[in-house]
Amino acid sequence: MSVRKYKIHVPATTANVGPGFDVCGIALSLSLTLDVSIPSDGTGDVNPTIEYSGLDSANVPLSPYKNLLTRVALYVLRANGITAFPRGVHIHAHNEIPFGRGLGSSGAAVIAGVLLGDLLGGFKFPTARLLDYALMVERHPDNVTAALVGGFVGSYLRELSEDDIKAAAVPLAEVLPEFPPDAGPDWGPNPPQAPGGIGHYVRFGWAPEIKAIAVMPRFELATAKSRGVLPETYSRKDMVFNLQRLAVLTTALARSPPDAELIYEAMKDRIHQPYRVPLIPGLQTILSELTYTSHPGLLGICLSGAGPTILALATDNFESIAAEIVRIFKTENIEVDWKVLDVDTKGSWVEEIDA
Ligand SMILES: Nc1ncnc2c1ncn2[C@@H]1O[C@H](COP(=O)(O)OP(=O)(O)O)[C@@H](O)[C@H]1O
Ligand SMILES: N[C@@H](CCOP(=O)(O)O)C(=O)O
């Protein structure tokens, strides 16, 4: 039996980068990789088989109607009139991105699922269309855009026409239904088609000497919970505070050599971090005690995505910067892991593997 084999590679991300709440994301050098095999002769099980290796894989559902990767792939297929997976598909997911830590594990899974759906349906969608499908699931563009295109990225959601607003406003449960245990390929109505051109982005420059220190507490904080503590409205003062910093930050991080004083202040935020402090013991102390003067080499420090990971951008002294963050978390009885990561400039890619 001949089998076509593919590899799908998607990077981790750090979203927000201080003042860029729901706007900015950076792709980082940890990845989710799928090895996908598809029999060419259409034989095999009607349902894909899934296996995992790597981080946090013990509790991932392996039913293709429960697993996030395959549910997203099925959404892309069904939105385009294909109601079932091709027969005999096997997926091996290898994961390096810790779940629920603010390093974009779900964004990476959504992008991997969109690319999987595109591959299985043979659609060959352009990047902008892949992003539309991802945004119908994830709904904030910062981490999925960076995971898809790589690098340091800013993005916005287009103001939609009335019809498109209706199509994009369908409840997530309709886009990604929780399939019942006995669901088969023909279960339920097909989901709505995604409006076109929902997300738009630009890639900023990045000074090559800047690396990302990710200090990852050993507890999960669901993004939904961390978004749940944010207010609906903000004062003009706080919005202006963030806008001023964001405008400076996007160019400052591209300049070589980086200006630590400028970046440190430009990475401050008033629209998400202060509200998330109660969910992450030690966050307030970390944000106020580590500075570019107390720790030479440090450029700026913020929450990574929705947390609880801390992102410190630095050019030097990675170990001592990480050690201080580790120490502060320890005073709160929180164990952590830490890594120095590079910026991934390639984004997501799909490769056919020779048999
Ligand atoms: N590779 C994956 N395969 C299946 N599900 C995943 C994968 N990665 C993440 N998830 C799901 O996404 C959840 C984490 O999402 P979220 O709370 O948004 O945190 P994060 O900040 O890591 O994106 C996990 O608990 C899991 O349910
Ligand atoms: N802008 C979002 C980003 C969430 O990123 P994640 O990696 O924590 O899923 C937010 O801050 O809620």
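Residues numbered from 1 in each chain as written. Chains lettered and ligands numbered in written order. Predicted model: local features only at pLDDT ≥ 70, side-chain atom pairs only at ≥ 80, totals over all residues.

Let me state the cut-off plainly: UniProt positions are given in the numbering used here, feature names are shortened, and annotations may be inferred rather than shown by experiment.
The name given to the chain in an unreviewed UniProt entry is Homoserine kinase, and the organism recorded there is Apiotrichum porosum. Looking at the chain in UniProt, the text filed under Sequence similarities (unreviewed entry) is "Belongs to the GHMP kinase family. Homoserine kinase subfamily."

1. Regarding the sheet that holds strand S10 (residues 336-341)
Pairing between the strands of a sheet comes from backbone hydrogen bonds, and it takes one of two forms, parallel or antiparallel. Definition in use: Paired strands are those between which DSSP finds at least two bridges. Helix and strand definitions here come from DSSP, where helices need a minimum of 4 consecutive H or I residues and strands a minimum of 2 consecutive E residues; each element is numbered from the N-terminal end. Fitted lines through C-alpha atoms give the axes, limited to the stretch in contact for helices. The angle between two N-to-C directions lies from 0 to 180 degrees. Contact criterion: two residues are in contact if their C-beta atoms, reconstructed from the backbone, are within 7 Å.
If you trace the four strands from one edge of the open sheet to the other, you get S8-S9-S7-S10, paired in antiparallel fashion. Since the sheet does not close on itself, it has two edges, and those belong to strand S8 (298-303) and S10, each with one partner. Adjacent strand axes in the sheet meet at a mean angle of 15° when their direction is disregarded. Pairing of strand S7 (residues 211-217) with S10, which is carried by six bridges, proceeds in the antiparallel orientation. Bridge pairing in S10 links Ala 212 to Leu 341. Sitting on the sheet, helix H12 (residues 318-331) touches S7, S8, strand S9 (310-314) and S10, and the angle it makes with S7 is about 20°.

2. A word on the pairing of strand S4 (residues 90-95)
Where we set the bar: With C-beta atoms placed from the backbone, a residue counts as buried when 20 or more other C-beta atoms lie within 10 Å of its own, as exposed when 12 or fewer do, and as partly exposed for counts between those limits. By the criterion used throughout, a crossover qualifies as right-handed when its path from the first strand across the helix to the second strand runs clockwise, the strands pointing away from the viewer.
Here S4 shows one buried face, formed by Ile 91, Ala 93 and Asn 95, and one open face, formed by His 90, His 92 and His 94. Of the pairings in the sheet, the one linking strand S3 (residues 49-54) to S4 comprises six bridges and is parallel in character. Bridge pairing in S4 links Ile 50 to Ile 91. Each parallel crossover has a hand, and for S3 linked through helix H1 (residues 68-79) to S4 it is left-handed.

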